[in-house]
Amino acid sequence: MTRLNENYLNLKESYLFSEIAKRVNKFAEEHPDKDIIRLGIGDVTLPLSKSVISELHKAVDEMADAKTFKGYGPEQGYDFLRNAIKDYYHRNGVELEADEIFVSDGAKSDTGNITDLFAVDNTVLVPDPVYPVYVDTNTMNGRNIIYMNSTPENNFLAMPDESVHADIIYLCSPNNPTGAAYNKEQLKIWVDYAKKNNSIILFDSAYECFITDESLPRSIFAIEGAKDCCIEFCSLSKTAGFTGTRCGYTVVPKTLRFKTTDGGELYLNKMWLRRQTTKFNGVPYIIQRGAAAVFTVEGMNEAKAMIATYRENAKIIADTMDELGVKYFGGVNSPYIWFECPFGMYSWDFFDKMLNEIQVVGTPGAGFGRNGDNYFRLTAFNNKENTINAMNRFKTLFE
Ligand SMILES: *Cc1c(COP(=O)(O)O)cnc(C)c1O
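Residues numbered from 1 in each chain as written. Predicted model: local features only at pLDDT ≥ 70, side-chain atom pairs only at ≥ 80, totals over all residues. Heavy atoms only, no water.

Student: Any details on the sheet that holds strand β7 (residues 230-235)? Residues and values, ideally.
Tutor: Strands sit in the order β2-β8-β7-β6-β5-β3-β4 across an open sheet of 7 strands; the sheet is mixed. Strands at the two margins of the open sheet, each flanked by one partner only, are β2 (101-104) and β4 (144-149). Averaged over neighbouring strand pairs, the angle between their axes works out to 20 degrees when direction is ignored. Sitting on the sheet, helix α5 (residues 132-141) is in contact with β3 (123-128), β4, β5 (168-172) and β6 (200-204), with an inclination near 160 degrees to β4. Here helix α6 (residues 184-196) sits on the sheet and contacts β3, β4, β5, β6 and β7; the angle it forms with β5, its principal contact strand, is near 170 degrees. (Pairing = 2+ DSSP bridges. Helix = DSSP H or I, 4+ residues; strand = E, 2+ residues; numbered from the N terminus. Axes fitted to C-alpha atoms, helices over the stretch in contact; angles between N-to-C directions. Contact = heavy atoms within 4.5 Å.)

Written out as structure tokens, the structure reads:
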């Protein structure tokens, strides 16, 4: 008889977004005249930029001509894109080699697939609240997960507990869902902890492009010693609106290695190359051409203009919270505003109150972990007009 991976029985039913949709649809049916504003969106809304579209078109035309047609490409990405990413890191003060950069179809796949490189009996440390992918992929593999508390007391930036040992540590900064971002000193403490414990940090920097405070690190590799204990995942999804286009990249330093049980050594860069060349056949040439356009001066300026639009929305939300005296996190170096539910409410009850009384949809913090029970996430990804209207309605809750 076929035996299945019964670890899947241990996955929690992912009902967050389906439950939101269910409640919103029911309300809309019963109140067809009401205008609902959605600030729960975790997806970009602005179209791809001019130079990306132009490069995509050119690449499509290349595919139409036998002389420039491309078949299978290098699984780890074309050199033109790996070098463009390397230059981008260089401009941000981090030196990498092109073959430390692996192009992929996104950070979600890579943060999940990286688990292939680790034995099942590692202990995994994840913050609570958290992006659910880290927990679910390790649960599928049957790994033991321990949680660290992100709370208002630590500004939703969990720090290492020296009395707890972990082999694999997930960090996401700027964070989804809390919007909180670690500074260099805090990340240095994490790197030191990882080195002391002989463990690895899997660092998700999907929101680095939202960082405005120049003193904050955009990459874990801005921290001394990180190349000995860290892998970084990044993506063009939030940077340049590639959520539907699909392109990300993962940095695995060539120095990163661990001892094997027989006393030898394994290099993570070589293992990841082997894994990707075996299980992945690369990102489409056309998409990689579009992605390379993001890293040109013009493309970067266009991406920055898009992010500035979202940032303006974030500020509208943050200013409203300030005005109302609602305690919040994020909103500055992040498209997310994470706030304590007013009136001492539980997040799903506050969700219902917002929907019923002002028709604004957000995301209940309970969906991201126990420490989110009394918190709520709003996003900056709607347009300015809707964001202003939503905040005017939000103020009426306090009258
Ligand atoms: C959006 C997001 C990503 C990006 O995922 P892609 O697969 O590249 O679209 C990665 N990590 C977090 C925490 C995110 O919110």
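There's more to say after this.
Student: Residue-level account of the nonpolar core, with values.
Tutor: Counting residues in each nonpolar core, the largest one holds 95 residues, and the members touching the most others are I169 and F295. Of the residues that make up this core, three or more belong to each of domain 1 (16-45 + 300-396) and domain 2 (50-298). With residues up to four places along the chain from it excluded, the contact list for I169 reads L125, M148, W190, Y193, A194, S199, I200, I201 and L202. Grouped together as the second largest cluster of nonpolar side chains are 22 residues, A107, Y170, I200 and I231 included. (Core = buried A, V, L, I, M, F, W, Y, C linked by side-chain atoms within 4.5 Å. Buried < 20%, exposed > 50% of the residue type's maximum accessible area, 1.4 Å probe, protein only. Domains from an automatic or database assignment.)

Student: Tell me about the sheet that holds strand β11 (residues 328-330), residues and numbers included.
Tutor: Strand order in this open sheet of 4 strands is β11-β12-β15-β14, and the pairing throughout is antiparallel. The open sheet terminates on both sides in strands that have one partner only, identified here as β11 and β14 (363-364). For strand β12 (residues 336-340) and strand β15 (residues 375-379), the ladder comprises 5 bridges, and the chain directions are antiparallel. Along β15, the bridge assignment pairs I337 with L378. Those strands touched by helix α10 (residues 297-324) are β11, β12 and β15, and its axis lies near 20 degrees from that of β12.

Student: Tell me about the side chain of T123, residues and numbers included.
Tutor: On the secondary structure map, T123 appears in strand β3. Not counting chain neighbours up to four residues away, the residues in contact with T123 comprise N144, I146, H165, A166, D167 and I168.

Student: Please set out the packing of helix α1 (residues 16-30) against helix α11 (residues 347-358) residue by residue, giving values where relevant.
Tutor: Across the interface, α1 lies against α11 with an axial gap of 11 Å and an inter-helix angle of 30 degrees. With respect to α11, the element α1 is oriented roughly parallel. The handedness of the crossing between α1 and α11 is right-handed. The segment α1 lies against α11, with L16, E19, I20, R23, V24 and F27 engaging W348, F351, D352, L355 and N356. For the contact of α1 with α11, the class distribution of residues is 7 nonpolar, 1 polar and 3 charged. (Parallel < 35°, antiparallel > 145°, perpendicular 65-115°, else oblique. Left-handed = near helix turned anticlockwise from the far one by under 90°. Nonpolar A, V, L, I, M, F, W, Y, C, P; charged D, E, K, R; others polar.)

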